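What follows is each chain in one-letter form.
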Amino acid sequence: MKRISQKTVDRIYAETDVVAVIGEFVQLKKRGHNQFGLSPFVNEKTPSFTVHQGKGIWKDFSTGKGGNAVSFLMESEGMNYPEALRHLADRAKIEIEYDNDTDQSTEPDTTCTLKAIASTATTLYQSQLVAGCSALTYLHERSITTESITAFQIGYAPDQWEWMAGKLSNFGKEAIKQSGLCFEQDTNGKLTDRFRNRIMFPITDHFGKVIAFGGRVFGEGKGAKYINSPASAIYDKSKVLYGLSQARRSITDRDQCILTEGYLDVIMLHQHGQTNAVASCGTALTVQQCQLIRRFTLNVLIVRDSDKAGLAAMVKDVQMVLSCGMYPSVLPLPKGDDPDSFCRKVGQEGFEAHKA
């Protein structure tokens, strides 16, 4: 694998604002010459995390960790050194140059390959959501706007068994299997598409990079209502919140995160002015998910379905949020409603009035 040139590395360091980078993950407040915030590594009530813009460094006094923007991404986000450099280069729109010498003994970066596959698949799915497509008609019938379809990169998986497998063939069979988009048939060894005739919701990390998918059945489609990507080297559902990349700026600005359950709930809430909404995607809220929210706010408004299962999940959410040193509140909905249906029924003003 080719090595990023020293010239590019030097430019990345020179053009990186450590406060701006860390400010995307930690709510910082200026005090004197430094910026202070709560540690992203442990639960604390008194800020011990500090960033010095002039020196380009950070220090977390609760754990003793410290360093620059690259080391922060490695410590906080679990990136390796090349991944952190590539993220900062992409952020600063720096074109990466590589050394000519290549170490053939080094395996290709699996993470980068899987993210490239996910990005390619997203574009392919989007290309199938065209005028006259039954999936697009269904989305519009559900009041999902064109703007939301674009913002959340919604697409459509054709009703074909080997469509995606063929489109991704240049990545190699093993990488395609690892991505979870296709699986190998036991009988003939061919790759079969996991998602067929489904509306596709890309799941992104909090950087906005696609790492997985949720596929929803619609119309006369058969099978489970939702099929989600399996765990992979880039996707662990317990560590991801749907919509966080779209919501994180609003969460910081409003100092509150709305926590709900599903893809359509998040999208409909965003359409109705609640742009600080994220979802746990049907899984029980985890410590890791709370830690993600905690980077941007300590305040969590929980809005679940009004049925028995939703109310039970709400109780567990409250307990989890409290255990992570955060401040939960709940917004019960009228019987028979979920956030999606309630927003469509009462509109933005009605939702704001109910929330007040």
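What you see is a predicted model, and the numbers here were worked out from it, not measured in a lab.

Draft legend 1. Broad picture of the overall build of the chain. Helices and strands together make up the secondary structure of the chain, namely 14 helices and 17 strands. In terms of C-alpha radius of gyration, the chain reaches 22 Å, essentially the compact-globule figure of 21 Å for 356 residues. Reported as C-alpha extents along the three principal axes, the dimensions of the chain are approximately 60 × 55 × 35 Å. For the chain, the residues scored as buried account for 48% of the 356 residues in total. The long-range fraction of contacts in the chain, counting pairs at least 24 apart against all pairs at least 6 apart in sequence, stands at 62%. Looking at the chain as shown, the accessible area adds up to about 17,100 Å², and 50% of this sits on carbon and sulfur atoms.

Draft legend 2. The arrangement of the pairing of strand 12 (residues 210–216) in detail. Within strand 12, seven of the seven residues are buried, which leaves it mostly tucked inside the rest of the structure. Pairing of strand 11 (residues 198–204) with strand 12, which is carried by six bridges, proceeds in the antiparallel orientation. Its bridge partner lying in strand 12, Met200 is registered against Gly215. Hairpin connection, strand 11 to strand 12: the antiparallel pair is bridged by five residues, and Gly208 has positive phi, about 95°. Both strand 12 and strand 13 (residues 226–228) contribute to a ladder of three bridges, which runs antiparallel. Considered in strand 13, the bridge of Gly214 is made with Asn228.

Draft legend 3. Seen up close, the packing of helix 1 (residues 6–14) against helix 4 (residues 81–91). Direction vectors running N to C along helix 1 and helix 4 enclose 60°, while the axes themselves pass 10 Å from each other. Relative to helix 4, the element helix 1 is oriented oblique. Handedness of the helix 1/helix 4 crossing: left-handed. Here Val9, Ile12 and Tyr13 of helix 1 lie close against helix 4, whose contacting residues are Tyr81, Leu85, Leu88 and Ala89. Of the residues belonging to the contact of helix 1 with helix 4, the class tally is seven nonpolar, no polar and no charged.

Draft legend 4. Summary view of helix 1. For helix 1, the full list of buried residues reads Thr8, Val9 and Ile12. Buried residues of helix 1 fall within an arc of 100° about the axis and therefore sit on the same side. Exposed side chains of helix 1 directed beyond 90 degrees from the buried face belong to Gln6, Lys7 and Ala14. On the buried face of helix 1, the contacting elements are strand 1 (2–4) and helix 4.

Draft legend 5. Molecular detail of the pattern of salt bridges. Across all of its chains, the model carries 16 salt bridges by this definition. Two residues, Lys209 and Asp90, come together in a salt bridge whose shortest N-O distance is 3.2 Å. Pair noted here: Lys209 is in the loop between strand 11 and strand 12 and Asp90 is in helix 4, with a separation of 119 residues, a long-range link. The class for Asp90 is partly exposed, based on a relative accessible area of 46%. The partner of Lys355 in a salt bridge is Glu352, with the nearest N and O atoms 3.8 Å apart. You can see Lys355 and its partner Glu352 sitting in helix 14 (residues 339–355), three residues apart, about one turn around the helix.

Draft legend 6. Layout of the packing of aromatic side chains. Per the stated rule, a full pass over the model turns up 15 aromatic pairs. Taking the centre distance of 5.8 Å and the plane angle of 45° together, the rings of Tyr138 and Phe218 count as tilted. Remark: Phe218 occurs in the loop between strand 12 and strand 13 and Tyr138 occurs in helix 6 (residues 134–141); sequence separation between them is 80 residues. Aromatic rings pair up to connect Phe25, Phe41, Phe49, Trp58, Phe72 and Phe207 into one cluster. Sitting above the plane of the Phe41 ring, Lys65 keeps its charged end 4.4 Å from the centroid. Against the face of Trp161 rests Arg196, its NZ or CZ located 3.8 Å from the ring centre.

Draft legend 7. Structural context of the nonpolar core. Ranked by internal contacts, the top residues of the largest apolar core, which has 57 residues, are Tyr125, Leu129, Ile154, Leu181, Phe213 and Tyr242. Once residues within four sequence positions are removed from consideration, Tyr242 is found in contact with Phe152, Phe201, Pro202, Ile203, Tyr263, Val266, Ile267, Val278, Ala279 and Cys281. By size, the runner-up hydrophobic cluster in this structure holds 25 residues, among which are Ile12, Ile22, Val26 and Ile94.

Draft legend 8. Molecular detail of the sheet that holds strand 12. Ordered in space as 8-11-12-13, the four strands form an open sheet in which the pairing is antiparallel. The two strands at the open ends of the sheet, each matched to only one other strand, are strand 8 (155–157) and strand 13. On average, each strand axis in the sheet is inclined to that of its neighbour by 35°, with strand direction left out of account. Of the pairings in the sheet, the one linking strand 8 to strand 11 comprises three bridges and is antiparallel in character. Residue pairing for strand 11: Gly155 is matched across the bridge by Met200.

What counts and what doesn't
- Residues numbered from 1 in each chain as written.
- Predicted model: local features only at pLDDT ≥ 70, side-chain atom pairs only at ≥ 80, totals over all residues.
- Heavy atoms only, no water.
- Helix = DSSP H or I, 4+ residues; strand = E, 2+ residues; numbered from the N terminus.
- Rg over C-alpha atoms; globule rule 2.2 N^0.38 Å.
- Buried < 20%, exposed > 50% of the residue type's maximum accessible area, 1.4 Å probe, protein only.
- Contact = heavy atoms within 4.5 Å.
- Areas by Shrake-Rupley, 256 points an atom, 1.4 Å probe, with all protein chains shown as cover.
- Pairing = 2+ DSSP bridges.
- Axes fitted to C-alpha atoms, helices over the stretch in contact; angles between N-to-C directions.
- Parallel < 35°, antiparallel > 145°, perpendicular 65-115°, else oblique.
- Left-handed = near helix turned anticlockwise from the far one by under 90°.
- Nonpolar A, V, L, I, M, F, W, Y, C, P; charged D, E, K, R; others polar.
- Arc of directions from axis to C-beta.
- Salt bridge = Lys/Arg side-chain N within 4 Å of Asp/Glu carboxyl O.
- Phe/Tyr/Trp six-rings, centres within 6.5 Å; stacked < 30°, edge-to-face > 60°.
- Lys NZ or Arg CZ within 6 Å of the ring centre and 35° of its normal.
- Core = buried A, V, L, I, M, F, W, Y, C linked by side-chain atoms within 4.5 Å.

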